[in-house]
Structures are given as C-alpha cells and as structure tokens.
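# A structural walkthrough
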Amino acid sequence: MHHFHYQDGELYAEDVPVRQIARKIGTPFYLYSTATLKRHYQVFDEAFSGLPHLICYSVKANSNLAVLRLFAKEGSGADIVSGGELYRALKAGLSPKKIVFSGVGKTPREMREALKAGILMFNVESLGELKTLAQVAKKMGKVAPVAVRINPDVDPKTHPYISTGLKKNKFGLDLETALEAYLFAKEHPHLEIVGVDCHIGSQLTEISPFVEALKRIKAFVNRLKEYDIQIKYIDLGGGLGIVYGEESPPPPREYAQALKQELSGLDVTLILEPGRVLVGNAGILVTKVLYFKETPAKKFLIVDAAMNDLLRPAFYQAYHEIIPVLSKERPKITVDVVGPICETGDFFARDRELPMLRPGELLAIMSAGAYGFVMSSNYNSRPRPPEVMVNGKDFYVVRKRENYARLIAGEKIPPFLEK
Ligand SMILES: *Cc1c(COP(=O)(O)O)cnc(C)c1O
C-alpha cells in the first residue's frame, strides 16, 4: 500500500504530480510520501495492539531527519547502529528512553555517548564488547542496561548478504556463549540485564523463521530463569519483507498474530525493530532518461541516476519496479536501464520490458525508500541527490542536492605538494 499513483496519465505522489517536483528541483531525486510512512507505522503498531510492545524504527533503513521526526511523532523509538545514528535520532527528537543500540562493533566512544543520552538498552554482541561496556559504564559511574544478541541459528531464507541469524554469520552469540555473557553481566555492578535480543535477517517473506527464532529465545529466557535472571524485554529485531516484485510477504497483522500467540503468558515487553517494512514502499527514486543506445547485442536506457544513488541492484541483485512518470501508450521494448558510472554493475534493471521512452522523459524507480539514499555515495564524484517529502498537496526538500564544493569539503593538499 502506498500513495504513488497515476492520475490522468501521470504519476502523482499523494496530491503532487511528480513532474512538477522534477521541474522545480531537477533530477535525480528521492521522493518520500508522508501519508505512506504514517500509514505503514500505524498498521504495524496496531497489529501488535493488546500486547505490551515498543516499536524501535531501524534508523539505518532511512535516516533522514524528517523521516525520523515523523516516526518520533507517531510514538516510535529507534534502533541505532552507530554514534552517528544516535546523533541523528536525538536531533530528530526521538526519546532516548526508546532507543536500543545494536551492532557488532560499538566503540567506547559510542558507548559513552549512548550512556550519556540514557538509552533503553545496548544489544551486546560479544563478550569483549560486554566487558568494554562494563568498564566504560564504571568510569562514568553509570549502569548500562543490556541485552545479549543471541544467534538462534535459523535460516531466514533471504539473500545471503542480508541473512544474519545463521551460525556462520558474524552477528550475535551462540546460546552457550550468550549464557556466559549473562552470568558475567549478572555479577557486574555496572551492568543491568534487561533483555534478550535477536535479529535474523532482512526482507523475510515467511513467518516461520521469526516464530522459530522466538521459540528459541523463549527457551533461552526460561534457562536464564534457572540462574535467577529475569528479562523485561524480548527484542525480535526487524526483517519483515516488502513487495518489490513478485514476493508475497505476510502482512504485519499475520506476523503480529503469530508472535502474539508465541508470547502469550510471558510477562515481557516485545521490542520490534522494523526498517524496510515501514519505509521501503514509501519512497521512490525519480530519474531522467539521458540516452537510448542500441548495440548489436542489447538496448540500453541510460538514465541520470546511478548505482552511487541507489546501490541495491548492484549490491544484492535486487529487483526494483521501474515505471514511466507519464503513462501514455507506447510500443514496448526490452532494455537494460543503466546509469552513467564506469562499472558494469551500474544498472537498475536488466532485460526489462518498458515502454519506448525518449531522452528527457522521467522514470520512477519504485520501493526505494529503504536502503536507498542511506547507502548512496559520491563514487565517480557524483553529488548525491536531494531527498524530498510530499505531504498532501505540498512538497519539501528535506535534504538538498549536494554541490561540487561539498564533494571536496574536508580534502586538503599537503604542504609538500603545494608548490
Ligand atoms: C537492519 C536491522 C534491522 C532492520 O531490518 P529491516 O529488514 O529493514 O526491517 C533491525 N535490527 C537490526 C539489528 C538490524 O541490523
């Protein structure tokens, strides 16, 4: 469900013609729909009604301040993975009491920043990290609230680059080592055990791996009770998939129902860290056709966006639907949609059937709201595109287009090269 639709043959974002935004700010640009973001949050939240729960939006999926503020106003917390994300989350007005800190490589500095802010919990991923956190907390005279991320060894059946809950992945701790971590934390005056955490992967299109992970967490929580360790929070991470093409992920209601059933009778608050499912289909990348190129082997549409703007196709062989901004009848051709970057991996679609578009026409790359702008770079010295947010009839640039000066900001010629 999203608010990008055709009206009188042209693509609108809510009540704004996409063409109008392109005329005003140029291409390429990211475009987010406020109504879609709100709806996704509310549907997800309502699905868990009746169960004590906290939604901690996964900031890494889309960390624009405006997006974070919108979720803060909906009541969301945040799942962060770096000091930079903590900085953003606080700037956007997210409550530190609703922030959980994930990630395998938190630095002492990041730990200090998070302790100072007073976050809800650290999702600790190794014994080394736990010991460092204890030392940092001790130095600050604070008590760090912790959960240990366990690796439940379940197969999320998703792309290998985005599965995280298998034994061989770098994430979390096996149950034996996790128990050791809990026993260490229990005895340490500067650590307070508050939860158990896991996150098994991203873009999951089945419920069963989540349920399996939750079963294993439950068994583990019971084992902790034998050691007189009580848990307040079970954090099941994020990972619910969305429709990019042919997938049929479960709707949040079904996902929630399955988890509720599994949790009944347990006196815990469930924490969820959805990212993609909240923002993925709430954003598009708008790009312009520069050239049509035909070789003996192939036809190409060369567009003005590239893999530096949206990395997912190059990185994960991800599928994104691509639609013309003007929907008029045209003959169909089979093309590769590619960007200007000097890499064969710089493509948005291969052998895709699209209407015959002319240079100057606009295309929308759909479902680009998650892991889109946040993964962008300046590769090939391309200024990153702006981010725009539509709200009903209005639109706002929520991050301006980078300029050339910004590309070299911070660079310096050393004195020995000056002359
Ligand atoms: C990436 C990530 C998420 C969000 O995953 P989605 O698939 O976008 O929902 C949640 N928790 C952790 C720990 C993550 O690394």
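None of these values were measured; they are calculated from a predicted model.

What counts, and where the lines are drawn
Residues numbered from 1 in each chain as written. Predicted model: local features only at pLDDT ≥ 70, side-chain atom pairs only at ≥ 80, totals over all residues. Heavy atoms only, no water. Near = heavy atom within 4 Å. Polar contact = N/O pair within 3.5 Å; in protein donor to acceptor, adjacent residues only side chain to side chain. Areas by Shrake-Rupley, 256 points an atom, 1.4 Å probe, with all protein chains shown as cover. Nonpolar A, V, L, I, M, F, W, Y, C, P; charged D, E, K, R; others polar. UniProt positions renumbered as here; feature names shortened; annotations may be inferred. Helix = DSSP H or I, 4+ residues; strand = E, 2+ residues; numbered from the N terminus. Buried < 20%, exposed > 50% of the residue type's maximum accessible area, 1.4 Å probe, protein only. Contact = heavy atoms within 4.5 Å. Expected span 1.5 Å × (residues − 1). Core = buried A, V, L, I, M, F, W, Y, C linked by side-chain atoms within 4.5 Å. Domains from an automatic or database assignment. Pairing = 2+ DSSP bridges. Salt bridge = Lys/Arg side-chain N within 4 Å of Asp/Glu carboxyl O.

## Brief notes about the site of the ligand
- Of all residues adjacent to the ligand, which total 14 residues, the nearest are Lys-60, Ser-202, Glu-273, Arg-276 and Tyr-371.
- Between the ligand and Glu-273, the relevant distance is 2.5 Å, taken from a nitrogen atom to a side-chain nitrogen or oxygen of the residue.
- In this structure, an oxygen atom belonging to the ligand sits 2.6 Å away from a side-chain N or O atom of Tyr-371.
- For the ligand, whose free accessible area comes to 390 Å², the fraction covered by protein is 94%.
- Here the shell around the ligand is composed, by residue class, of two nonpolar, seven polar and five charged.

## Some words on the UniProt feature "binding site: substrate" (unreviewed entry) in the chain
- Taken from the UniProt record, the annotation "binding site: substrate" (unreviewed entry) applies to Arg-276, Arg-312, Tyr-316, Glu-343 and Tyr-371. On the basis of their most widely separated C-alpha atoms, the annotated residues across 96 residues do not gather in one place, lying as much as 26.9 Å apart.
- Relative to the elements of secondary structure, Glu-343 occurs in the loop between β16 (332-338) and β17 (347-355).
- Given the relative accessible area of 37%, Glu-343 is considered partly exposed.
- Contact partners of Glu-343, with chain neighbours within four places excluded, come to Met-307 and Tyr-379.
- For Tyr-371, the position within the fold is in the loop between β18 (362-365) and β19 (387-391).
- Residue contacts for Tyr-371: discarding those within four places in its chain leaves Lys-60, Ala-61, Ser-202, Arg-276, Leu-310 and Arg-312.

## Considerations on helix α8 (residues 208-226)
- When the terminal C-alpha atoms of α8 are compared, their 28 Å separation across 19 residues agrees well with the 27 Å that a helix rising 1.5 Å per residue should span.
- Turning to α8, its buried residues number three or more, namely Pro-209, Phe-210, Val-211, Ala-213, Leu-214, Ile-217, Phe-220, Val-221 and Leu-224.
- Contacts from the buried residues of α8 go to α7 (175-187), β10 (191-197), β11 (233-235) and α9 (252-263).
- Just beyond α8, the residue with positive phi is Asp-228, at close to 60 degrees.

## With respect to the nonpolar core
- Ranked by internal contacts, the top residues of the largest apolar core, which has 100 residues, are Phe-48, Phe-122, Ile-231 and Val-337.
- The element that contributes the greatest number of residues to this core is α8, accounting for seven residues.
- Counting residues domain by domain, this core receives three or more from each of domain 1 (4-32 + 280-408) and domain 2 (103-272).
- Sequence-distant contacts of Val-337, that is, excluding residues within four places in its chain, are made with Leu-301, Val-303, Ile-322, Phe-347, Phe-348, Ala-349, Leu-354 and Leu-363.
- Judged by nonpolar contacts, the second largest core, of 19 residues, contains Ala-13, Val-18, Val-286 and Ile-323.

## A word on the sheet that holds strand β3 (residues 16-17)
- Taken in spatial order, the three strands line up as β1-β2-β3 in an open sheet, and their pairing is antiparallel. Because the sheet does not close on itself, it has two edges, and the strands there are β1 (4-7) and β3.
- The pairing of strand β2 (residues 10-13) with β3 spans two bridges and is antiparallel. Bridge pairing in β3 places Tyr-12 opposite Pro-17.

## Regarding the pattern of salt bridges
- In this structure the tally under the stated criterion is 16 salt bridges.
- Of the charged contacts in the structure, one is a salt bridge between Asp-336 and Lys-298, with a shortest N-O distance of 3.1 Å. You can see Asp-336 sitting in strand β16 and its partner Lys-298 sitting in the loop between β13 (283-294) and β14 (299-303), a full 38 residues away along the chain.
- The exposure class assigned to Asp-336 is buried, which follows from its relative accessible area of 5%.

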